[in-house]
Protein chains: 2
Amino acid sequence: MTYNDKKVSIAVIRRLPRYYRYLGELLKNDVTRISSKELSERMGVTASQIRQDLNCFGGFGQQGYGYNVEYLYKEIGNILGLYNGYTTIMIGAGHLGHALANHSSFEKRGFKLIGIFDIDKEVIGKQIRGITVMDMKELDSFVKTHKPDIAILAIPKESVPEVAQALVDLGVKGLWNFSYIDLHLSGDVAIENVHLSDSLMTLSYKITQKQYKNKNKEML
Amino acid sequence: MTYNDKKVSIAVIRRLPRYYRYLGELLKNDVTRISSKELSERMGVTASQIRQDLNCFGGFGQQGYGYNVEYLYKEIGNILGLYNGYTTIMIGAGHLGHALANHSSFEKRGFKLIGIFDIDKEVIGKQIRGITVMDMKELDSFVKTHKPDIAILAIPKESVPEVAQALVDLGVKGLWNFSYIDLHLSGDVAIENVHLSDSLMTLSYKITQKQYKNKNKEML
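Residues numbered from 1 in each chain as written. Chains lettered and ligands numbered in written order. Predicted model: local features only at pLDDT ≥ 70, side-chain atom pairs only at ≥ 80, totals over all residues. Heavy atoms only, no water.

(A) Fine view of the pattern of salt bridges. Under the definition given, this model contains 20 salt bridges over all chains. Here E70 of chain A makes a salt bridge to K74 of chain A, at a shortest N to O gap of 3.1 Å. Residue E70 of chain A and its partner K74 of chain A are both found in helix 4 (residues 69-79); the two are separated by four residues, about one turn of the helix. Classification of K74 of chain A by relative accessible area gives partly exposed; the value is 44%. Among the salt bridges present, the one from K28 of chain B reaches E25 of chain B, with a minimum N-O distance of 3.5 Å. Of the two residues, K28 of chain B and E25 of chain B both sit in helix 1 (residues 10-28), three residues apart, roughly one turn of that helix. With a relative accessible area of 61%, K28 of chain B lands in the exposed category. (Salt bridge = Lys/Arg side-chain N within 4 Å of Asp/Glu carboxyl O. Helix = DSSP H or I, 4+ residues; strand = E, 2+ residues; numbered from the N terminus. Buried < 20%, exposed > 50% of the residue type's maximum accessible area, 1.4 Å probe, protein only.)

As structure tokens, this is what we get:
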């Protein structure tokens with residue numbers, strides 16, 4: 001494969017998980033092949049966008065045949081690293097940590113949760129999805145022993161910079177950050193910041209546009 | 001303003017909340033004006049991308065001056081509908097509903113939570129951020145009286161289609177859907193589906209790329 005050598009834009013990358021989800025749905029419904037036109041109609045993007053995006057990785061379609069759904073699904077999963085068996089730990093077992101730990105779709109995507117940590121004595125020792133919440137004091141030795149790939153940060157933002165740097169120093173490869181602060185860390189680590197309010201603002205835009213259009217219709 | 005008449009691509013729309021966040025940070029740090037070059041360096045996008053994006057709405061910069069931070073911040077907020085005083089209700093007061101209700105950034109963006117609903121007798125009557133959790137049985141009359149703009153769906157996916165359609169029939173304008181199923185509803189409603197695992201898959205991609213690059217370096 002040669003796709004790793006090319007610089008692929010982050011906009012394309014961000015569309016890959018969506019392709020993966022849609023193809024997974026098709027597979028579930030026993031669809032074995034699909035044209036870029038059909039796929040584009042389902043996903044609400046243009047067919048040429050799909051072709052362009054997939055061409056970044058060498059292209060997977062055959063003229064006149066379309067895409068083999070299972071093959072494309074697996075290739076995209078491979079590009080996304082979903083078959084690498086990445087393990088995760090959860091930092092914070094409050095409501096957000098709880099909700100995320102209980103989320104079945106992450107394991108379905110190949111991410112295995114192997115540890116949960118908190119500082120709250122009330123929560124330490126309790127079980128979430130069969131995993132006993134550990135004291136943050138045990139984090140250091142746990143990470144050294146089990147070498148998790150990803151840490152999910154579901155703790156108050158004040159605590160994040162220090163904990164994040166410690167995790168990077170311990171060799172964690174990726175941080176999934178829910179704390180709403182941008183992290184600037186030394187060391188080789190991949191970071192994905194989740195900004196839920198971005199999605200709410202997008203919804204707000206859509207509502208505003210709808211209201212504007214409805215108003216215009218009334219005026220015609 | 002004429003921006004409402006133009007068809008702006010969803011990719012541009014999805015970048016607006018990010019501009020808004022960055023400009024808000026600049027304002028907090030008393031930065032009053034900024035060039036598209038500086039803004040682009042901070043945000044990690046190209047200056048021409050920023051100019052193109054903002055030109056979709058008429059453009060806000062002056063040659064040789066750059067952008068007036070406060071003006072641009074307010075204009076983008078206006079485009080996003082953040083000053084429309086949208087009200088929200090939370091459907092579901094489990095861990096996710098709790099985490100979202102406690103999230104201060106939504107109110108900071110202008111969204112006011114006015115009601116929380118659940119079917120669980122253990123939770124009904126309890127307070128979250130000063131709001132008493134109501135019985136789902138009261139939803140109908142509450143929505144008719146208070147006319148919330150947005151419903152946040154933090155309930156198990158089995159319950160979502162029925163509840164969502166009921167909310168739309170009651171006149172709710174937007175659904176913020178955390179249930180991981182795509183909604184197909186009749187009626188005029190804006191929908192924003194949150195797929196957290198997309199973000200985790202993007203992180204997985206970044207980690208995979210880093211490892212591939214590091215391996216290549218070793219081989220040189």
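(B) Summary view of the relation of the copies chain A and chain B. When chain A is fitted onto chain B, the two copies agree to an RMSD of 0.0 Å after a turn of 180° and an axial shift of 0.0 Å. In short, the pair behaves as if placed about a two-fold rotation axis. The C-alpha atom lying nearest the rotation axis in chain A is that of H95 of chain A; the distance is 2.3 Å. A share of 100% of interface residues in chain A that are also interface residues in chain B marks the association as one of identical surfaces. (Least-squares fit on C-alpha atoms with pLDDT ≥ 70 in both. Contact = heavy atoms within 4.5 Å.)

(C) Looking closely at the sheet that holds strand 8 (residues 174-177) of chain A. All names here are of chain A. One open sheet holds the seven strands; their spatial order is 5-6-4-3-7-8-9, and the pairing between them is mixed. The outermost strands of the open sheet, each flanked by one partner alone, are strand 5 (127-128) and strand 9 (190-193). The pairing of strand 8 with strand 9 spans four bridges and is parallel. For L175, the partnering residue across the bridge sits in strand 9 and is I191. (Pairing = 2+ DSSP bridges.)

(D) Focus on the interface of chain A and chain B. With 64 residues of chain A at the interface, the matching set in chain B holds 64 residues. Summing both sides of the interface, chain A and chain B together bury roughly 5800 Å²; the carbon and sulfur share of this comes to 62%. Counting the surface chain A buries against chain B, the share from its top three residues, L200, M201 and Y205 of chain A, is 12%. Viewed at the interface, chain B and chain A are joined by six salt bridges. The shortest N-O distance in the salt bridge between R21 of chain B and D198 of chain A comes to 2.7 Å. For the interface between chain A and chain B, the tally reads 29 residue pairs in polar contact (both at pLDDT 80 or more). When contributions to the side of chain A that touches chain B are tallied by element, the ones reaching two or more residues are helix 1 (10-28), helix 5 (95-101), helix 6 (104-108), strand 8, strand 9 and helix 9 (196-219) of chain A. (Buried area = accessible area lost by both parts, 1.4 Å probe. Polar contact = N/O pair within 3.5 Å; in protein donor to acceptor, adjacent residues only side chain to side chain.)

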